Amino acid sequence: MNNLNYAGIPDEHAGLDNASIVLIPVPYDGTSTWQKGADKGPEAFLDASANMELYDIETDTEVYHHGVFLADAVTENSSPEAMVDAVHATTKKYIKKNKFVTLFGGEHSISIGSIRAFNEMYENLSVLQLDAHADLRKEYDGSSCNHACAVYEASQKANLVQVGIRSMDSIELGVNDDEKTFYAHEMVQDDYWQEKAVEALTENVFITIDLDAFDPSICPSTGTPEPGGLYWYETLEFLKTVFEEKNVVGFDIVELCPNPSEKSSDFLAAKLYYKMLSYKFKDIALEGENGYTTTNDFAKAGLKKMKNLEN
C-alpha cells in the first residue's frame, strides 16, 4: 500500500505516540465464494479517504486531530487460520497500547481475529454485527475461519446482536438468538427496532460492519450484494445512538470489493469510517497541539473496564 498517512493527514497527527486511534488494514480475500476482490478493499478505502473533506458538519469536529495511526497491513495469507491468528495478535497488541483500535478488510473472516482480541480484553463484551448474512456456520469449506463463520465464535463467547440480516442457511437457525436478531424484513415494519437493538447490548460493544448490510442501490461494490438493505441516514442514526449510549471499544468494516468504474462504494466506506470516529470522539476534548496523551485520557474516551493487560 502506498498510503503514508490515513486520509493524507499531517504527520503530527499520524504518529503512533500521539495517535488515539489505530487503523489496521487487512487485505485478505482467501475464503470468499463468489466475487473476489475484497483484498483490494483497504487500498480503495484509503484512496477514497485521501479525497474526503475532514470537517464533519454534523458533529462540528475534525476527528483526525485526535490522531490516526495507519498500522502496517496484516498480510498473512498462508491459511485462513494463520490470518486469523495474525489479526488477533496485531489487534491485541494495539489494544494493550491503550489505543482505539479499528480495522478495515478484507473479507469478513478477518473479524474472527479482531473479535477474539477484544473479547479477551474487555469484560462482558457485546458484538454488534451489521450484515446481510448471518455468518453463523461453525465450519465452511473445511475451515472454521471462513467468511461464512465470521461471528460463530462471537455467538458462543460474547453477546451477539445482529442487525439487517436477510440471508442465511437453515443450519444457522438455532445458532442465532431470535431475540437479538433484527431481520431486514421485520425492521421495515418496526419503528422501534433501533431502541430494541441498543437495549440488547451490554455496556462494552465491538461493532463489525459488513458493507453488504447496506442496500446495493447505495453500496453495490461488495462480494455478495443482497437487496433490501440499510440506507445511509438510518444507519448513521442507529450508530450514533450506540456510540452515545454504550462504550464502543473498537470496530471493523469489511467486504468492500472495489469496482474501478464504481467509486461511490469506496467513498461510502471512507465516510462511514470517519463518521464512526467522529461519533466516538465528538465529546472528548483535545489537549495540546498534537491531540491528547494516552495516560489518564484513555478513561475519558470511555475505553474502560478493560481486563488485565497481561492477558
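Above: the structure in question.
All values reported here derive from a predicted model rather than from experimental measurement.

A. Quick look at a negative patch on the surface. On the surface, Asp 191, Glu 195, Glu 199, Glu 237 and Glu 245 cluster together to form a negatively charged patch. Among the secondary structure elements, those contributing two or more residues to the negative patch are helix H6 (193-199) and helix H7 (232-245). Locating Asp 191 in the fold gives a position in the loop between helix H5 (184-187) and H6. Judged by relative accessible area, which is 68%, Asp 191 ranks as exposed.

B. Structural view of the packing of helix H1 (residues 41-49) against helix H8 (residues 264-281). Two elements in contact, H1 and H8, have axes whose closest approach is 8 Å; the angle formed by their N-to-C orientations is 75°. Classified by the angle between their axes, H1 and H8 sit roughly perpendicular to one another. From H1, Ala 44, Phe 45, Ala 48 and Ser 49 reach across to H8, where they touch Asp 266, Phe 267, Ala 269, Ala 270 and Tyr 273. Taken together, the residues of the contact of H1 with H8 sort by class into seven nonpolar, one polar and one charged.

C. Inspection of the sheet that holds strand E1 (residues 21-26) at higher detail. Taking strand neighbours across the sheet as the criterion, the eight strands line up as E2-E1-E3-E8-E7-E4-E5-E6 in an open arrangement whose pairing is parallel. Strands at the two margins of the open sheet, each flanked by one partner only, are strand E2 (68-70) and strand E6 (181-183). When the angles between neighbouring strand axes are averaged without regard to direction, this sheet yields 15°. As paired strands, strand E3 (residues 100-105) and strand E8 (residues 247-254) are joined by four bridges and run parallel to one another.

D. Here's a closer look at the pairing of E3. For E3, the tally of buried residues reaches six of six residues, placing the bulk of the element in the interior. Side-chain alternation along E3 places Phe 100, Thr 102 and Phe 104 on one buried face and Val 101, Leu 103 and Gly 105 on a second face that is also buried. Examined bridge by bridge, E1 and E3 share six bridges and lie parallel to one another. Each residue of the ladder has a partner; that of Ile 24, found in E3, is Leu 103.

E. Layout of the packing of H7 against H8. Running from N to C, H7 and H8 cross one another at 30°; their axes reach a closest spacing of 9 Å. On the basis of their axis angle, the class for H7 and H8 is roughly parallel. Here H7 runs over H8; the crossing is right-handed. Along its contact with H7, which presents Trp 232, Leu 236, Leu 239, Lys 240 and Phe 243, the element H8 presents Leu 268, Lys 271, Leu 272, Lys 275, Met 276, Tyr 279 and Lys 280. Split into classes, the residues belonging to the contact of H7 with H8 amount to eight nonpolar, no polar and four charged.

F. Up close: the pattern of salt bridges. For the coordinates displayed, the defined rule picks out eleven salt bridges. Between Glu 58 and Lys 240 there is a salt bridge, with its nearest N and O atoms 3.3 Å apart. With Glu 58 in the loop between H1 and E2 and Lys 240 in helix H7, the pair connects residues that are 182 residues apart, well separated along the chain. On the accessibility criterion, Glu 58 (39% relative accessible area) is partly exposed. Linking Asp 190 and Lys 196 is a salt bridge whose minimum nitrogen-to-oxygen distance equals 2.9 Å. When salt bridges with common partners are traced through the structure, they connect Asp 56, Glu 58, Lys 240 and Lys 275 into a single cluster.

Procedures and definitions
- Residues numbered from 1 in each chain as written.
- Predicted model: local features only at pLDDT ≥ 70, side-chain atom pairs only at ≥ 80, totals over all residues.
- Heavy atoms only, no water.
- Patch = residues over 30% accessible without salt bridge, like charges linked within 9 Å, V, L, I, M, F, W, Y side chains within 5 Å.
- Areas by Shrake-Rupley, 256 points an atom, 1.4 Å probe, with all protein chains shown as cover.
- Salt bridge = Lys/Arg side-chain N within 4 Å of Asp/Glu carboxyl O.
- Lys, Arg positive; Asp, Glu negative; His and termini not counted.
- Charge placed at Lys NZ, Arg CZ, Asp CG, Glu CD.
- Helix = DSSP H or I, 4+ residues; strand = E, 2+ residues; numbered from the N terminus.
- Buried < 20%, exposed > 50% of the residue type's maximum accessible area, 1.4 Å probe, protein only.
- Axes fitted to C-alpha atoms, helices over the stretch in contact; angles between N-to-C directions.
- Parallel < 35°, antiparallel > 145°, perpendicular 65-115°, else oblique.
- Contact = heavy atoms within 4.5 Å.
- Nonpolar A, V, L, I, M, F, W, Y, C, P; charged D, E, K, R; others polar.
- Pairing = 2+ DSSP bridges.
- Left-handed = near helix turned anticlockwise from the far one by under 90°.

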